[in-house]
Amino acid sequence: MAGLNVDDVKVSLQKFGLYDYVVFVLMLLSCVMIGVYFGFLKKKAKKGEAEADYLVGNRQMKIIPVSLSLIASFISGISLLGTPTEIYLYGVQYMYIVGGVISMGFIMMYFYLPVFHNLKLTSTYQYLQTRFDRRMRLFGSILFTLATMAWLPIVIYVPALAFNQVTGINVHLITPIVCVICIFYTCVGGLKAVVWTDVVQTILMFGAMLLIIIKGTLDVGGLSVVIERAKASGRIEGPDLRFDMTTRHNIYSCVIGGVVYWLKTNAVSQNMIQRYLSLPTLASAKKALWTFIFGTLVLLALCCYSGLLIYAKYYDCDPLTTKLAKAKDQLLPLLVMDTLGDFPGLPGLFVAGVFSAALSSLSTGLNSMSAVVLEDFFKPFSNRPLSEKQTSIIMRAVVAIFGAICVGLVLVVEKLGSVLQLSMSLGSVSNGPLLGIFTLGVLIPWANGTGAIVGGTIGLLVMIWVCLKAQLAIATGELAFDLKPVDTQGCSYHFIASEPMSMLAINTTSLSIDATPVEPEFALYHISYLWYTTMGALITIIIAVIVSFIVGPNKPDEMNPNLFSPFIQRILVRRRIAAHNQLEMATGGIKEIIQ
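Residues numbered from 1 in each chain as written. Predicted model: local features only at pLDDT ≥ 70, side-chain atom pairs only at ≥ 80, totals over all residues. Heavy atoms only, no water.

Under the annotation held in an unreviewed UniProt entry, the protein chain carries the name Sodium-coupled monocarboxylate transporter 1 and is attributed to Anopheles gambiae. Recorded under Subcellular location (unreviewed entry), the UniProt text for the protein chain is reproduced unchanged: "Cell membrane". Per UniProt, the comment on the protein chain under Sequence similarities (unreviewed entry) is "Belongs to the sodium:solute symporter (SSF) (TC 2.A.21) family." (UniProt positions renumbered as here; feature names shortened; annotations may be inferred.)

Asker: For this particular structure, what's the right way to read the environment of Asp244?
Answerer: Along the chain, Asp244 turns up in the loop between helix 10 (223-232) and helix 11 (251-267). The exposure class assigned to Asp244 is partly exposed, which follows from its relative accessible area of 32%. When the C-alpha atoms of Asp244 and Ile527 are compared, they prove to be 8.4 Å apart, with 283 residues separating the residues in sequence. In terms of polar contacts, Asp244 uses its side chain to reach the side chain of Thr246, at 2.7 Å. (Helix = DSSP H or I, 4+ residues; strand = E, 2+ residues; numbered from the N terminus. Buried < 20%, exposed > 50% of the residue type's maximum accessible area, 1.4 Å probe, protein only. Polar contact = N/O pair within 3.5 Å; in protein donor to acceptor, adjacent residues only side chain to side chain.)

Asker: Can you help me understand the packing of aromatic side chains in this one?
Answerer: Any two aromatic rings considered together are summarised by their centre-to-centre distance and by the angle between their planes. Counted under the stated rule, the structure contains twelve aromatic pairs. Here Phe116 and Phe438 contribute two aromatic rings whose centre-to-centre distance is 5.8 Å and whose plane-to-plane angle is 85°, an arrangement assigned as edge-to-face. Of this pair, Phe116 sits in helix 6 (residues 98-118) while Phe438 sits in helix 17 (residues 420-443), and the two are 322 residues apart along the sequence. For Phe116, a relative accessible area of 0% gives the class buried. Taken together, the ring pairs in this structure connect Phe116, Tyr125, Tyr127, Phe144 and Phe438 into an aromatic cluster. Directly above the aromatic system of Tyr88 lies the positively charged group of Arg235, at a separation of 5.3 Å from the ring centroid. Taking NZ or CZ as reference, Arg235 lies 3.9 Å from the ring centre of Tyr311, over its face. (Phe/Tyr/Trp six-rings, centres within 6.5 Å; stacked < 30°, edge-to-face > 60°. Lys NZ or Arg CZ within 6 Å of the ring centre and 35° of its normal.)

Asker: Which parts of the structure should I look at to understand the packing of helix 4 (residues 63-74) against helix 9 (residues 171-220)?
Answerer: The packing of two helices is summarised by the inter-axis angle and the distance between the axes. In contact at an axis separation of 8 Å, helix 4 and helix 9 are set at 65° when each is read in the N-to-C sense. Relative to helix 9, the crossing made by helix 4 is left-handed. Contact with helix 4, carried on its side by Pro65, Val66, Leu68, Ser69, Ile71, Ala72 and Ser73, involves Val195, Trp196, Asp198, Val199, Thr202, Met205 and Phe206 of helix 9 and no other residues of that element. For the contact of helix 4 with helix 9, a count of residues per class yields ten nonpolar, three polar and one charged. (Axes fitted to C-alpha atoms, helices over the stretch in contact; angles between N-to-C directions. Left-handed = near helix turned anticlockwise from the far one by under 90°. Contact = heavy atoms within 4.5 Å. Nonpolar A, V, L, I, M, F, W, Y, C, P; charged D, E, K, R; others polar.)

Asker: Can you help me understand unusual backbone geometry in this one?
Answerer: Where the residue is not glycine, phi is negative for most of them; where a peptide bond is considered, it is trans in most cases. Residue Lys120 is not a glycine yet carries a positive backbone phi of 55°. Along the chain, the position of Lys120 falls in the loop between helix 6 and helix 7 (124-131). Lys120 sits in the partly exposed class, given a relative accessible area of 47%. Phi at Lys323 is positive, roughly 70°, even though this residue is not glycine. Note that Lys323 resides in the loop between helix 13 (282-313) and helix 14 (331-340).

In structure tokens, the structure reads:
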């Protein structure tokens with residue numbers, strides 16, 4: 001390729017042929033057929049069970065399909081494309097978040113999951129009304145709705161960019177087609193269709209990543225070459241043990257901040273809890289939780305290794321500097337076309353895998369929105385009970401309407417350009433306050449509705465300020481992150497050098513614009529984004545407890561024990577038994593005196 005320029009190389013790598021389109025279309029058709037089966041062919045639910053069947057699979061789902069659905073729902077196309085990019089740019093420090101993931105499993109299993117599952121909820125925000133009041137239910141539902149509608153268009157847009165790179169097809173031609181298919185099977189098939197399409201999509205995700213890793217590793221000379229090149233560049237390193245909250249990734253932010261971040265996204269999020277609630281027993285929900293954690297860790301490991309593989313492949317010719325990849329989220333698609341482009345059908349399998357991750361996240365979001373809008377916005381404000389037909393129309397209309405809005409918002413997302421990272425940080429704005437409110441509910445009996453609403457509101461306002469200031473600091477170069485070294489001395493094609501630090505970077509949780517590192521003075525918004533959820537939760541909890549005691553705290557002995565974590569329940573029961581015994585002794589003493 002000595003006489004080629006970078007544009008010639010780009011064209012030579014666009015080998016998306018007939019077989020690739022066939023594989024991609026087959027994936028979409030399989031999703032449609034699953035929706036048709038559960039929507040029209042499978043035996044209809046009994047009268048009075050249609051709502052439970054549509055939203056939580058009549059609480060009779062199986063562990064393995066639900067576990068695979070949880071994996072597919074959590075690992076979006078952003079994660080599949082962003083995690084390798086994170087490792088390529090910054091090294092493996094992020095992967096120490098596995099400690100936070102495993103810790104989250106234990107905390108969720110003992111503190112959160114038993115409460116929601118035993119109460120047989122449909123919307124997690126029903127809990128907020130039962131535990132606090134209607135204001136809190138509405139507060140939580142609105143936050144969830146806004147955060148979901150800000151996140152879903154990006155979930156679709158990012159893989160569409162990858163599809164555009166390998167095929168040249170316009171983003172706005174493919175996104176409406178894919179979204180309409182997703183809306184269709186989610187709308188007609190409900191949770192069962194979502195779960196079983198997720199099963200197909202999870203298998204595709206794992207298959208696509210394994211293919212890339214195996215073939216790519218063989219191409220560069222084996223596992224030892226990948227490890228050696230990564231070590232030489234400093235990408236493989238031990239955990240950073242310095243306790244500095246401004247460090248982007250260290251062992252403390254990854255494990256402590258990571259466990260809190262994952263708690264919100266898995267333990268109290270409607271998107272995920274709705275799947276656990278579809279299982280018949282708490283024991284089966286716990287098994288699904290640990291299967292999900294194991295599968296997610298495996299997929300994270302595959303994504304991490306693929307980031308090292310990208311560096312091993314391009315260690316002497318950085319595709320960002322040469323502009324072979326226009327944006328950092330296109331590194332993995334570039335590796336795929338470079339590695340699998342000569343094998344008809346395999347690039348199609350990769351694109352199907354990436355879009356599978358996006359479709360699963362979109363269908364999960366739409367199904368969850370259907371549950372939240374019905375349970376939290378329609379039922380509480382309806383003068384009389386909704387009929388089964390009205391319920392069915394509302395559930396499906398929500399999926400169709402919000403799905404159409406997502407398609408429209410993709411246009412907005414594209415126009416935002418460098419402001420795109422603001423949309424991604426919206427999750428951090430709402431995650432902390434929501435986790436704080438739910439934690440108050442399950443762990444602190446004294447907290448009341450007034451305290452929770454004040455704490456949640458202040459937590460939300462503080463996090464809006466922190467996130468906006470942080471994104472502004474990143475955009476202006478006030479806040480920047482050190483990149484691992486790259487090289488272009490081995491390039492075999494002509495290019496006009498550009499600084500990769502000026503390009504848009506997509507990582508697993510946020511979007512950032514990298515600039516020349518400067519040493520900023522400490523400010524609250526300079527802390528690592530992994531601490532955001534922790535900060536928002538702590539502010540919410542502290543303010544709520546203070547306000548609750550000012551206005552008059554709840555009396556724990558008068559609270560319903562089922563609203564709290566099991567160990568809190570045991571404490572409340574012991575207090576009641578002790579109080580009852582004391583009352584009996586006092587009554588007995590009075591009787592003796594009278595006698």
